[in-house]
Amino acid sequence: MSKSTSENNQSKIESLILELTKARSTKNFSKEAQLLLNLGSEYYSHDNYDQAFMCYEQNLIVTRKIKDLRLEGLTLLSMGWVYQKIEPKDAQYQQMLQCHHKSLAIGRDIGDTWLEASALVSLSATYEEIGDYFQALEYSQLALDIARRLHDLELEKYVLPIIRKVQKALGKQEEEFALLPSGKSVLADLGITPTILKKTKLRPLQRSHCRAAINWLTKKIPVSKGANLDPSVQGYLQAFYHLCEIQDWEKAWKIVIIRPNTETYEELHSQLGIWGYYSQQIEIYKKLLFKSSQFQDTICLNGLGNVYNDLGDYTKAIEFQELHKSVAIAVQDLHSQGYALGNIGLSYYYLGNYDKAIEYLEQSLELLRHSQYNQARGLFLGNLGLAYYGLGNYNQALECQQESLKTARDIQDRRGEAIAYGNLGNIYWALATYDKAIEYHQKHLEISRQLQDRRQEGNAIANLGNVYYSQGYVNKAIECHELGLEIAKEITDSRGEAVSLCFLGNAYILLGNYQKALSNLNKSLSIAEKIESDREKSSALCCLGVVYDELGDYCKAIEFYEQSLKIAKNIKNRSLEQRALAQLGNAYLSLKRYTLAKKFQDQSLAIARELGERGEEVRVINNLGNLALFTGKYQKAIDLYQQNLAIYQQFSNLEGKAKANTLVNIGYAFILLGDYLEALKYLEQALAIVQEVGLPPSEAIIFYHLAEVNYRLDRSQLANKYCKLALSIAIELEIPLVKKCQELQKKLLAS
């Protein structure tokens, strides 16, 4: 709330008290009654319930004295809502219900349908809250009938969400709920009806656009093919466009701030983004920007910044939020300033500039710390957690996300709750606590689907795919990422598309389908460059390096790793830096440049331990074991691999490919030591894991080693069997193992 707004509110109360004193001094009881009602409402709107109750109590005495039944009914209606605030939370609201029933009786007695409908809305809301759904449904439907007869938009807006909640509680389907208030109620509120048009002198163009708006809001007009928007939403938007054509900005604005009857209950312009209709959002904001009040400008600028952030154009998003911040400062609107700063911080997070993200988010939270905007605080606490997550500071990230989740639950912000669950799931994924990660991501997905929030649904599915990938369930991961990619394309989420493509590339690497991997990763890199997302560029480059590494083109792999590392260091992304260093170590090991390989692996291990990333730690220890193996230090290699197995025992979730690799490496070390039976034991354990989760490249390597061991043990039949299996997979995957298999096959034929 801006400073000027707070001062205006206090001034309004003081003015009402002054007028009330005058009315009492002149014994103008009718005016006194109206002023007491207004003053009580003012106190109620500022959460001063004791003062509000005192005003209403005094007013009942006055209204009954002058026998003004309508004012008495309105006072009882208002008093009921004060009782709702002051009665215990577990109460049945008997006093509240009593007041509203009395108000309903008065409304019916004097034939005041508006008062009757208002009392019905209040009763339905109360019965819904205490779980008496049938009573709530009866009263709410009666209220809706009257509201539509009166063409009263405000009454419709109040009663529609109650009906949705009640019908949902009674097991009705989402499709059965009215999404928006009736067009006739909207037109009556706007002052655009056929009757009014006949009496109003308008230019032909104005009259034509007004008639078009009436038609779109009252008639079933066929919508364009391929349009997925609900017909009622299409009607609202078309009416909005027609009003913009005649520059009636006030009426156009009123249309887009109506709240659709959804779980999120956001204003229409904002709800369009939740549904993924970004182009419509941009058009709305650009048409309204700088056309009316500065208050509207802050909303439009914030909206544009958010849309471009969602579309992955972070530079443009920051430009709009900086402009938003400037307007907010000019009008002394602390709330808007806080939002602008927080959203700039989020854009810097997506650009991978985590230090700058933290700087802006902390400024935002400081501004909002003592405000009533708990939803904004919860949101930006979560975003601050993201920035700490980006830096690998998982403890700090966890603390922020848990506080964000608590805030969302406290204020019943379902979307905020869903986002917090997703963020917590990602932290537990990074910490290799996969069961907990899946639990949180499933909650994120469930709520997002309930809210019909396509962006968050896509995020939740992608996050689940990451966990399945880490567990080694690659085909399940691919299913998730294909669905995530489909949603990202549907809602034109460029960053989401780049991320999904990169994840798919990773999954195909693991399956040994390198052409598909290259195709997806090159598309991801292209999108990342287009939207200037350094984080996604670094990720795609590192993954492209892995493909060429697997194909045996180590020099090309190093080029990609070095590009990835450079970007990671520039944006201070320690996680990406750690991964790029580890991959560089692997590539130099393949080139037999052992000193460089050791240097990069040591640096990578230090960062993994600094960040507390156990999954990455075991991978690097594996790499160091491989280095010892390549340099003939077999026992040292086995000791390092066994160190990993101890970590697996401690963290049972660190399974899948990583554990299988460790077992394969121990088996190979025993082969080099000549202990073939011990080698078989570890290789068979590894084979069971990779066959369970479906990892053909790893399976091929294990078959090759099993063939090698059985050859050394003079078990030619088994050796031939395993060699053929290994060769078949290697040929299909087009991996360098083909040559080794063919050489072993020659030995087997010669023996």
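Treat the numbers as computed from the prediction; the structure is a model and nothing was measured.

1. Concerning the overall build of the protein chain
Helix and strand counts for the protein chain come out as 38 helices and zero strands. Dimensions along the principal axes, computed over C-alpha positions, put the protein chain at roughly 115 × 60 × 45 Å. At a minimum sequence separation of 6, the contacts of the protein chain that also span at least 24 residues come to 56%.

2. What to know about the confidence of the model for the protein chain
On average, residues of the protein chain score 90 in pLDDT, and 96% of them are at 70 or above. Looking at the elements of the protein chain, mean pLDDT is at its lowest for helix H1 (residues 3-25), recorded as 81, and at its highest for helix H13 (residues 249-256), recorded as 97.

3. Comments concerning the packing of helix H24 (residues 454-471) against helix H26 (residues 494-511)
Two elements in contact, H24 and H26, have axes whose closest approach is 11 Å; the angle formed by their N-to-C orientations is 20 degrees. By the angle class used here, H24 and H26 are roughly parallel. The handedness of the crossing between H24 and H26 is left-handed. Between H24 and H26, the contacting residues are Ala-462, Asn-466 and Tyr-469 on the first element and Phe-503, Asn-506, Ala-507 and Leu-510 on the second. Of the residues belonging to the contact of H24 with H26, the class tally is five nonpolar, two polar and no charged.

4. Regarding the side chain of Ser-404
Residue position: Ser-404 is located in helix H21 (residues 394-410). Judged by relative accessible area, which is 5%, Ser-404 ranks as buried. Sequence-distant contacts of Ser-404, that is, excluding residues within four places in its chain, are made with Gly-378, Leu-381, Gly-382 and Ala-420.

5. Quick notes on the pattern of salt bridges
Opposite charge on two side chains permits them to pair, given that their charged atoms come into close proximity. Tallied over the full model, the rule gives 30 salt bridges. Ionic pairing is found between Asp-248 and Lys-251, a salt bridge with its closest N-O pair at 3.4 Å. Note on Asp-248: relative accessible area 21%, which makes it partly exposed. Here Glu-417 and Arg-414 are joined by a salt bridge, their closest N and O atoms 3.5 Å apart. Placement of the pair is Glu-417 and Arg-414 together in helix H22 (residues 414-430), with a separation of three residues, close to one helical turn. Exposure remark for Glu-417: the relative accessible area of 12% places this residue in the buried category. The network of salt bridges with shared partners includes Arg-449, Arg-454, Glu-457 and Glu-490.

6. Let's talk about the nonpolar core
Of all hydrophobic cores here, the largest spans 201 residues; its most connected members are Val-233, Phe-240, Leu-272 and Leu-288. Each residue touching Leu-288, except ones within four places of it in the same chain, is listed here: Phe-240, Trp-249, Ala-252, Trp-253, Val-256, Asp-297 and Cys-300. Membership of the second largest hydrophobic core comes to 51 residues, among which are Phe-53, Leu-104, Ile-106 and Leu-123.

Thresholds applied
- Residues numbered from 1 in each chain as written.
- Predicted model: local features only at pLDDT ≥ 70, side-chain atom pairs only at ≥ 80, totals over all residues.
- Heavy atoms only, no water.
- Helix = DSSP H or I, 4+ residues; strand = E, 2+ residues; numbered from the N terminus.
- Contact = heavy atoms within 4.5 Å.
- pLDDT = per-residue confidence, 0-100.
- Axes fitted to C-alpha atoms, helices over the stretch in contact; angles between N-to-C directions.
- Parallel < 35°, antiparallel > 145°, perpendicular 65-115°, else oblique.
- Left-handed = near helix turned anticlockwise from the far one by under 90°.
- Nonpolar A, V, L, I, M, F, W, Y, C, P; charged D, E, K, R; others polar.
- Buried < 20%, exposed > 50% of the residue type's maximum accessible area, 1.4 Å probe, protein only.
- Salt bridge = Lys/Arg side-chain N within 4 Å of Asp/Glu carboxyl O.
- Core = buried A, V, L, I, M, F, W, Y, C linked by side-chain atoms within 4.5 Å.

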